[in-house]
Amino acid sequence: MGSLNFIGASVKRKEDYRFLTGGGQYTDDVAPERATYAVFVRSPHAHARIRKVDTAKAAKAAGVLAVYTGEDVAKAGINGLPCGWLITDVNGQPMKEPPYPVLAQGKARYVGDRVAVVIAETYNQAKDAAEQVEVDYEVLPAVTDTASARKKGAPAVHDIAPDNTCYVWALGDKAKVDEAFKAAAHVTKLEFVNNRLIPNAIEPRSAIGAYSRADDSYTLYVASQNPHVERLLMTAFVLGLPEHKVRVVAPDVGGGFGSKIYLYGEDVVVTWASKQLNRPVKWTAERVESFMSDAHGRDHVTTAELALDKDGKFLAMRVHTTANLGAYLSTFASCIPTILYATLLAGQYTTPQIYCEVTAVFTNTAPVDAYRGAGRPEATYVVERLVETAARETKIDPAEIRRRNFIRSFPYQTPVALLYDTGNYEATLDAAMKLGDVAGFAKRKEEAAKRGRLRGLGYSCYIEACGIAPSNVAGALGARAGLFEAGEVRVHPTGKVTVFTGSHSHGQGHETTFAQVVASRLGIPVEDVDIVHGDTSKILFGMGTYGSRSLAVGGTAIVKAVDKVIAKGKKIAAHLMEAAEADVEFADGVFKVSGTDKQVPFAQIALTAYVPHNYPLDKLEPGLNENAFYDPTNFTFPAGSYVCEVEVDPDTGKTTIESFVAVDDFGKVINPMIVAGQVHGGLTQGIGQALLEGCRYDPETGQLVTGTMSDYCLPRAGDVPSFKLDTRETPCTHNPLGVKGCGEAGAIGAPAALMNAITDAVGVRDVPMPATAETVWRALASKKAA
Amino acid sequence: MPVKVSMTVNGKPVAAEVEERTLLVTFIRENLRLTGTHVGCDTAQCGACTIHMNGNAVKACNMLAMQAEGADILTIEGVAAADGTLHPMQEAFREHHALQCGFCTPGMVMSAIDLVKRHPKPTEAVVRAELDGNFCRCTGYHNIVKAILDAAPKVAAMR
Ligand code: FES
Ligand code: FES
């Protein structure tokens, strides 16, 4: 047998056939027998006291089986949804944790808040009856705007936080930073908003609860990125059900981007109601519900300052951010603008002192939590907008100022808690400048000017921290969960392999990438390996997929299990070949006795393990099936350099992206085709943030103004260019695959590159995101007026 | 009032009694259990529900089942050959990694086949403009555009 090494090969995806032929199975495609349908009644007001919910009419409507309100779930003893991360504030006090009920209790706190649920024989009957639920609201003044939440007189979203402050948290040595600023030759200061985004995974959230009286057990089908976490939170904290009696299945999931990490009230309600009705209860969101009730992302208001010496060396950074958490604390909301934000402010640079203060506020808006990048895009935006602006102000070339400050020796301890294991920032910058032909930019700008166009170029050199870990450090920082991953490698008697992983694929192609990893390690064809994910009844445990952790953490757990398989295989091989175990080596799918021509193929070892006739039964169990858990010792640190070139039409303000170059260092790449796809998607979401997307609530009424696909502008094919990509490989030093993660990079790096290019083209310090034609046109107009 | 609807779907005659307000996409998904046609929005803006009706791409969420009375409907389940061999457009999507989560994919493929029928030799600009009605949150369109450009001559050669 030749070498079967698939690492670095663009193997076509194993999952594609079913998706291309309509064979995918998403939650809404699951059709249990005797299913009933749930429709939620949602608050039309941003803030209102619920005086009365009259369900009498709805309950009598055709086909209706039940109507439940906040009172019913309270009576049933259903708890609120927990938050998975405790942040301790600057005074050592725990963050404010108001209850997050599955159905509103007494008050509705954002437009879309769940007030009641109607369950009927058909979807249409439930929908019709939901309109007959009469809610008597006393409308209260609302606050939706991040910057206004703490203003005097702002209405309090929760009684336990009268000033709408969840916490004030800080990282870094403030005194030293202030001192460094006093000594600075130059200070660059920017104030900006990191615009609020609505994730819009194309598959709407969906959940089906199904109770079985036969064995007193529940099955929940749900569009989730982490079925085990969902089960743990729901059983242990909310419903108080025995965990082993609840199976959570996250089948094919149509994209997540963070929004399907969280435990949502709808999931709990359908699970609980399925027992009340003794029938399956199905709910699928309409797109308008996705807009108003999926957890949103970003929404920071920031003042950022960078202190430099006369040579353009960074001396210190000072950042004050107000972060909007929405009306309730979603599952990981509290750690996004803190642990995943402030710690990234060193970027790729040696800035010796950094101080960041974060004030997290409640508002009458949908909960805000992780959205692709989660804190890291916000941090990169701060760092890279500051750096580019500082370069312009000090008249140092923006690439040069970055080079003067790059971290060059590793491991590197940043002043904001992270320890970078490895990196080579110059390499990606060099490659990006070459690929983007930065040398030819001046000429292109001149040529564009002749056509009446303003051409600009912007850089963004991002860093990201993936695979948040280790569990004990995270625990010390407030995490209420572990951050390991689990995997199981089941070798069948014929030598074929099924792998069970706690990671979850909702577009990332794990069925292929993970199979490549396992096949390469075992020296067998990729077709001989199947990957199973997304079902708590099959997989031993899992923390799921978010934060670009799957390959670095989940993949490593699988590798560890494979290595246990190989270790056991060696014992069996030693027995078969009558050799010492220490003399048996394994390579290319064959166990060999070193220095001899004795060998046994992997498949024969597998068969021997299950037909243990000639087998050391006194010393070794039969079978070939191994588990592993992996808890990383550190984050991984992907990094890269993006160069974006735009043209702005001064008459209309419209921006077109002329070129977008992304050179990323994800460490070892297993499947370059899949990695490139992840970058394309990330870049497009980053471009969406910079150019098109922005969630708006009406400041007076608190209504969600951008509540449909016609009001919230999502990137379409015509809004983005074809991308120019390349990679550099600096393998991660602390996992066996040398991988770092690639899922979020594009969304993290793109906005700053684009906004640096636009501000360069227009010749102003700042343009707010999204830089729509109108916004850019206004920036040009006020420049002219000045 | 229930009404009777009948049409041909993927070459087979089908008929059912449905509520008047039943959308064509609901009829396809719920009555016929052809769940490859997806629903991503309520406003005819995402294209996940795209099918062919009498040879033209339409959004099945934007019309009533009644409006398809007597029509010839093709859904994603009917695109590959009877033996399971992928249509060249499907094959190009696979080849170029033009899908990630797969949810937009059936609608994209249906739109892409229609696009190439109308523009047998499309440019990148034409493909991007024509895809305006199909939203994909995962791929950034880069590989979808590549796949369609690559498949165009092969699809044209089929006729
Ligand atoms: S579901 Fe038909 S266009 Fe979105
Ligand atoms: S592949 Fe996920 S939306 Fe297109």
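None of the values given here were measured: they were computed from a predicted structure.

Parameters and conventions
- Within each chain, residue numbers correspond to sequence positions counted from 1 in written order.
- Here chains are named by letter from A upward and ligands by number from 1 upward, in the order in which they appear as written.
- With pLDDT at 70 or above as the cut-off, local features in this predicted model cover only qualifying residues; side-chain atom pairs require 80 or more to be listed or tallied, and sums for whole chains, interfaces and linings still use all residues.
- Here the side-chain values reflect all heavy atoms present in the structure, with hydrogen atoms and water set aside.
- In this text, helices come from DSSP runs of H or I with a minimum length of four residues, and strands from runs of E with a minimum of two, each type numbered from the N-terminal end.
- Here, residues are in contact when the closest pair of their heavy atoms is within 4.5 Å.
- As a reference, a globule follows 2.2 Å times the number of residues to the power 0.38, and the radius of gyration itself is taken over C-alpha atoms.
- Buried, partly exposed and exposed residues are distinguished by accessible area as a fraction of the type maximum, computed with a 1.4 Å probe on protein chains only: under 20%, between the cut-offs, and over 50%, respectively.
- The Shrake-Rupley method, run with a 1.4 Å probe, gives the accessible areas here. Residue values count only the displayed protein chains as cover.
- Segmentation of the chain into domains, including their bounds, is taken from an automatic or database domain assignment.
- Accessible area that two parts lose when put together, with a 1.4 Å probe and added across both, is what the buried area reports.
- Salt bridges, as used here, are contacts in which a Lys or Arg side-chain nitrogen is within 4 Å of a carboxyl oxygen on Asp or Glu.
- What qualifies as a polar contact is a pair of N or O atoms within 3.5 Å, subject to a donor-acceptor requirement within protein and to the restriction that residues adjacent in sequence count only when both atoms come from side chains.
- Classification used: nonpolar for Ala, Val, Leu, Ile, Met, Phe, Trp, Tyr, Cys and Pro, charged for Asp, Glu, Lys and Arg, polar for all others including Gly.
- Pairing between strands is defined by DSSP: at least two bridges between them are needed.
- Comment: axis = line fitted to C-alpha atoms, over the contacting stretch for helices; angle = value between 0 and 180 degrees taken between N-to-C directions.
- Aromatic rings from Phe, Tyr and Trp, taking only the six-membered ring of Trp, are treated as a pair when their centres fall within 6.5 Å; an angle between ring planes under 30 degrees marks them as stacked, one over 60 as edge-to-face, and anything in between as tilted.
- Lysine and arginine charges are scored as sitting over a ring when NZ or CZ, respectively, is within 6 Å of the ring centre and within 35 degrees of the ring normal.
- In this description, a disulfide is simply a cysteine sulfur pair whose atoms lie within 2.5 Å.
- Each patch groups residues whose relative accessible area exceeds 30% and which form no salt bridge, using 9 Å between like charges and 5 Å between nonpolar side chains of Val, Leu, Ile, Met, Phe, Trp and Tyr.

Student: Help me out: how do you make sense of the overall build of chain B in this one?
Tutor: Secondary structure assignment for chain B yields five helices and five strands. Along the chain direction, N to C, the helices and strands of chain B fall in the order β-β-α-β-β-β-α-α-α-α. When the backbone C-alpha atoms are referred to their principal axes, chain B occupies close to 50 × 30 × 25 Å. Here the analysis covers contacts within chain B between residues at least 6 apart in sequence; of these, 56% occur between residues at least 24 apart.

Student: Would you mind going over the overall build of chain A with me for this structure?
Tutor: Counting its secondary structure elements, chain A contains 19 helices and 28 strands. Scaling as 2.2 N^0.38, a compact globule of 786 residues should have a C-alpha radius of gyration of about 28 Å, and chain A matches this with 27 Å. Projected onto its principal axes, the C-alpha positions of chain A cover 90 × 70 × 50 Å. Per-residue burial for chain A yields a buried fraction of 65% across its 786 residues. A total accessible area of about 26,600 Å² is found for chain A, and carbon and sulfur atoms account for 52% of it.

Student: Which parts of the structure should I look at to understand the domain arrangement of chain A?
Tutor: Frequently, the measure chosen for interface size is the accessible area that the parts lose on association. Residue and element names in this part refer to chain A. Domain boundaries in chain A define domain 1 (16-22 + 484-630), domain 2 (31-140 + 203-254 + 260-293) and domain 3 (384-465 + 637-785). For domain 2 versus domain 3, the separation of C-alpha centres amounts to 39 Å. Counting residues at the interface gives eight residues for domain 2, matched by nine residues for domain 3. Summed over both sides, the interface of domain 2 with domain 3 buries roughly 640 Å², with 66% coming from carbon and sulfur. Put simply, domain 2 and domain 3 have zero salt bridges between them. At the boundary of domain 2 with domain 3, the tally comes to one residue pair in polar contact (both at pLDDT 80 or more). Considering only residue class, the side of domain 2 that touches domain 3 consists of six nonpolar, one polar and one charged.

Student: Is there a simple way to think about the interface of chain B and chain A in this case?
Tutor: On the side of chain A, 53 residues touch chain B, which itself brings 48 residues to the contact. When chain B packs against chain A, close to 4,200 Å² is buried across both sides, 53% of that on carbon and sulfur atoms. The three residues of chain B that bury the most area against chain A are His97(B), Phe135(B) and Arg137(B), which together make up 18% of that side's buried surface. At the junction of chain B and chain A, the tally comes to five salt bridges. With a shortest N-O distance of 2.7 Å, Arg29(B) and Asp29(A) are connected by a salt bridge. Between chain B and chain A we count 30 residue pairs in polar contact (both at pLDDT 80 or more) in total. Within the residue set of the side of chain B that touches chain A, elements represented by two or more residues are helix 1 (24-31), helix 2 (88-95), helix 3 (105-118), helix 4 (124-130) and helix 5 (142-158) of chain B. In terms of residue count, the dominant contributor to the side of chain B that touches chain A is helix 2 of chain B (four residues).

Student: Teacher, can you tell me more about the domain arrangement of chain B here?
Tutor: Residue and element names in this part refer to chain B. The domain boundaries assigned to chain B delineate domain 1 (2-76) and domain 2 (88-158). Each of domain 1 and domain 2 has a C-alpha centre, and these two points are 22 Å apart. At the junction of the two partners, domain 1 supplies 18 residues and domain 2 supplies 14 residues. For the pair domain 1 and domain 2, the summed buried surface comes to about 1,200 Å²; carbon and sulfur atoms form 59% of the total. The largest per-residue losses of area from domain 1 upon contact with domain 2 belong to His38, His52 and Ile76, which jointly make up 40% of the total buried on that side.

Student: It is not clear to me how the sheet that holds strand 15 (residues 353-362) of chain A should be interpreted in this structure. Could you clarify?
Tutor: To summarise the sheet geometry, strands pair through backbone hydrogen bonds and adopt either a parallel or an antiparallel arrangement. Residue and element names in this part refer to chain A. Here we have five strands laid out as an open sheet, ordered 7-15-14-13-8, and mixed in their pairing. On the outer flanks of this sheet lie strand 7 (165-171) and strand 8 (186-194), each paired with one strand and no other. This sheet shows a mean twist of 10° between the axes of neighbouring strands, independent of strand direction.

Student: Would you mind showing me how to read the environment of Gln678(A) here?
Tutor: With respect to the helices, strands and loops of the structure, Gln678(A) is situated in helix 17 (residues 672-692). Of the residues examined, Gln678(A) reaches a relative accessible area of 7% and is grouped as buried. Sequence separation between Gln678(A) and Ala154(A) is 524 residues; the distance between their C-alpha atoms is 42 Å. Contact partners of Gln678(A), with chain neighbours within four places excluded, come to Arg372(A), Gly507(A), Gln508(A), Cys742(A), Gly743(A) and Gln100(B).

Student: What should I look at first to understand the packing of aromatic side chains in this one?
Tutor: The geometry of two aromatic rings is summed up by the distance between their centres and the angle between their planes. Residues and elements named next belong to chain A. A full pass over the atoms with the stated rule returns 25 aromatic pairs over all chains. Centre to centre, the rings of Phe314 and Tyr349 are 5.4 Å apart; their planes meet at 80°, and the pair counts as edge-to-face. Linking Phe314 in strand 14 (residues 314-326) with Tyr349 in the loop between strand 14 and strand 15, this pair joins segments that are 35 residues apart in sequence. Of the two residues, Phe314 and Tyr349, both sit in the buried class. Ring centres of Phe484 and Phe629 lie 5.6 Å apart, and the angle between their planes is 50°; this geometry places the pair in the tilted category. Pair noted here: Phe484 is in the loop between helix 13 (471-476) and strand 19 (485-491) and Phe629 is in strand 25 (residues 625-630), with a separation of 145 residues, a long-range link. Taking the relative accessible area as the measure of exposure, Phe629 reaches 39% and is therefore partly exposed. Each member of the aromatic cluster is reached from another via a ring pair, and the members are Phe314, Tyr349, Phe406, Phe410 and Tyr425. Above the plane of the ring of Phe19 lies Arg18, whose end atom (NZ or CZ) is 4.7 Å from the centre. Geometry around Phe181 places Arg318 over its ring, the cationic atom sitting 4.0 Å from the centre.

Student: Honestly, the state of the cysteines in this entry has me stumped. Any pointers?
Tutor: As used here, a disulfide is simply a covalent bond connecting the sulfur atoms of two cysteines. Residues and elements named next belong to chain A. Across all of its chains, the model carries zero disulfides over all chains by this definition. No disulfide involves Cys732; its nearest neighbouring cysteine sulfur is the one of Cys466, lying 10.0 Å away. For Cys732, a relative accessible area of 5% gives the class buried. Free cysteine Cys742: the closest other cysteine sulfur is in Cys466, separated by 8.5 Å. Under the relative-accessibility criterion, Cys742 is labelled buried at 15%.

Student: So what exactly am I meant to see when it comes to a nonpolar patch on the surface here?
Tutor: Residues and elements named next belong to chain A. On the surface, Leu607, Tyr610 and Val611 cluster together into a nonpolar patch covering about 230 Å² of accessible area. Structurally, Tyr610 can be placed in helix 16 (residues 602-610). Overall, Tyr610 belongs to the partly exposed group, its relative accessible area being 31%.

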